[in-house]
Amino acid sequence: MELPPGQVATTPRRFGLPQFARSRPAPPARPVVTVSGAVRRPTQLALDELLTDELRRSQRSDLHCVTTWSALGLHWEGVPFHAVHNALSEHVGISTRARWVSVTGLDGYRACLRLDDALAEDVLLADRLDGAALPLDHGAPLRLVAPAQYGYKSVKHVCALDYRRDYDPGSARWAAHPRGRVRHEERSRYLPGPLWRVIWRAALPAVRRRYDGE
Ligand SMILES: Nc1nc2c(c(=O)[nH]1)N[C@H]1C(S)=C(S)[C@@H](COP(=O)(O)O)O[C@H]1N2
Ligand SMILES: [Mo]
């Protein structure tokens, strides 16, 4: 298998922005996902309403962190985001002007995906990884999996979806790219992708220490 430009295969590990390294939000007893923004009726869905058996699916995909490491062949299980979105379109009335969806985690982490990227066939809301319940480290109780985007879009501990007309830079701010497509090396909205490889590889040991030193 060929890796995307500038990526190196590594073993999967918990990772993210340094400012979130120490945050491990305990899953609530009754997890819910809030749906708001460009919708007619903002609502709250319990996880079991969202993860219905008929929508459930599994897939094998890779996770590409912008800092240049890739975890290959992860086995995710959950429901396709597009199926949830379609169900929501009926129930909450998503505006036809919504172009982006901002996803928030219980640790306060936030990332925004272009709606058509989020509606791709392989974007999942996952609650299982490699045959077991999603571990806390990897985003329990529910996480987004967007394999075509850099890992910073795959929000862990999902608790809210906010439909928007405009892009919201989210937690990674200028370091993220509005679309973040791995194939196009859209690492950041500023400066070319290949330049960011060098910057991120240099910064990687310090970020790893934040996560290892817990
Ligand atoms: N809630 C939350 N989601 C997050 C992050 C985070 O810090 N908090 N980090 C992101 C980044 S930068 C990456 S690379 C992946 C890492 O996922 P993993 O810890 O399962 O390897 O999670 C993404 N989702
Ligand atoms: Mo990342």
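Residues numbered from 1 in each chain as written. Chains lettered and ligands numbered in written order. Predicted model: local features only at pLDDT ≥ 70, side-chain atom pairs only at ≥ 80, totals over all residues. Heavy atoms only, no water.

Undergrad: Looking at this structure, how should I read the pattern of salt bridges?
TA: A full pass over the atoms with the stated rule returns 13 salt bridges. Here arginine 114 and aspartate 116 are joined by a salt bridge, their closest N and O atoms 2.8 Å apart. Judged by relative accessible area, arginine 114 falls into the partly exposed class, the value being 26%. Exposure remark for aspartate 116: the relative accessible area of 44% places this residue in the partly exposed category. (Salt bridge = Lys/Arg side-chain N within 4 Å of Asp/Glu carboxyl O. Buried < 20%, exposed > 50% of the residue type's maximum accessible area, 1.4 Å probe, protein only.)

Undergrad: Which parts of the structure should I look at to understand the nonpolar core?
TA: Soluble globular proteins tend to bury their nonpolar side chains together. Ranked by internal contacts, the top residues of the largest apolar core, which has 61 residues, are Phe81, Leu88, Leu125 and Tyr163. In this structure, this core is formed jointly by two domains, domain 1 (27-168) and domain 2 (188-214), each of which donates at least three residues. (Core = buried A, V, L, I, M, F, W, Y, C linked by side-chain atoms within 4.5 Å. Domains from an automatic or database assignment.)

Undergrad: Teacher, can you tell me more about the sheet that holds strand β7 (residues 110-114) here?
TA: In sheet architecture, strand pairing relies on hydrogen bonds along the backbone and comes in two forms, parallel and antiparallel. Strand order in the open sheet made by the five strands is β3-β2-β11-β6-β7, with mixed pairing throughout. Across the chains shown, the open sheet's two edge strands, defined by having one partner strand only, are β3 (43-46) and β7. On average, each strand axis in the sheet is tilted by 20 degrees relative to the strand beside it, whichever way the strands run. Of the pairings in the sheet, the one linking strand β2 (residues 32-37) to β3 comprises four bridges and is antiparallel in character. Within β3, the position partnered with valine 32 by the bridge is alanine 46. Along the sheet, helix α2 (residues 81-92) contacts β2, β3, β6 (100-105) and β11 (158-164); its crossing angle with β11, the most-contacted strand, is approximately 65 degrees. (Pairing = 2+ DSSP bridges. Helix = DSSP H or I, 4+ residues; strand = E, 2+ residues; numbered from the N terminus. Axes fitted to C-alpha atoms, helices over the stretch in contact; angles between N-to-C directions. Contact = heavy atoms within 4.5 Å.)

Undergrad: Quick question: what am I supposed to make of the domain arrangement of the protein here?
TA: As a measure of interface size, the accessible area lost when the parts come together is often cited. One can read the domain layout of the protein as domain 1 (27-168) and domain 2 (188-214). Computed over C-alpha atoms, the centres of domain 1 and domain 2 are 24 Å apart. Taken together, the contact between domain 1 and domain 2 spans six residues of the former and seven residues of the latter. Taking both sides of the interface into account, the surface hidden between domain 1 and domain 2 amounts to around 540 Å²; carbon and sulfur atoms contribute 67%. When the area that domain 1 buries against domain 2 is broken down by residue, the three leading residues are Val66, Thr67 and Thr68, summing to 67%. Counting across the interface, domain 1 meets domain 2 through zero residue pairs in polar contact (both at pLDDT 80 or more). Among the residues making up the side of domain 1 that touches domain 2, the classes are represented as four nonpolar, two polar and no charged. (Buried area = accessible area lost by both parts, 1.4 Å probe. Polar contact = N/O pair within 3.5 Å; in protein donor to acceptor, adjacent residues only side chain to side chain. Nonpolar A, V, L, I, M, F, W, Y, C, P; charged D, E, K, R; others polar.)

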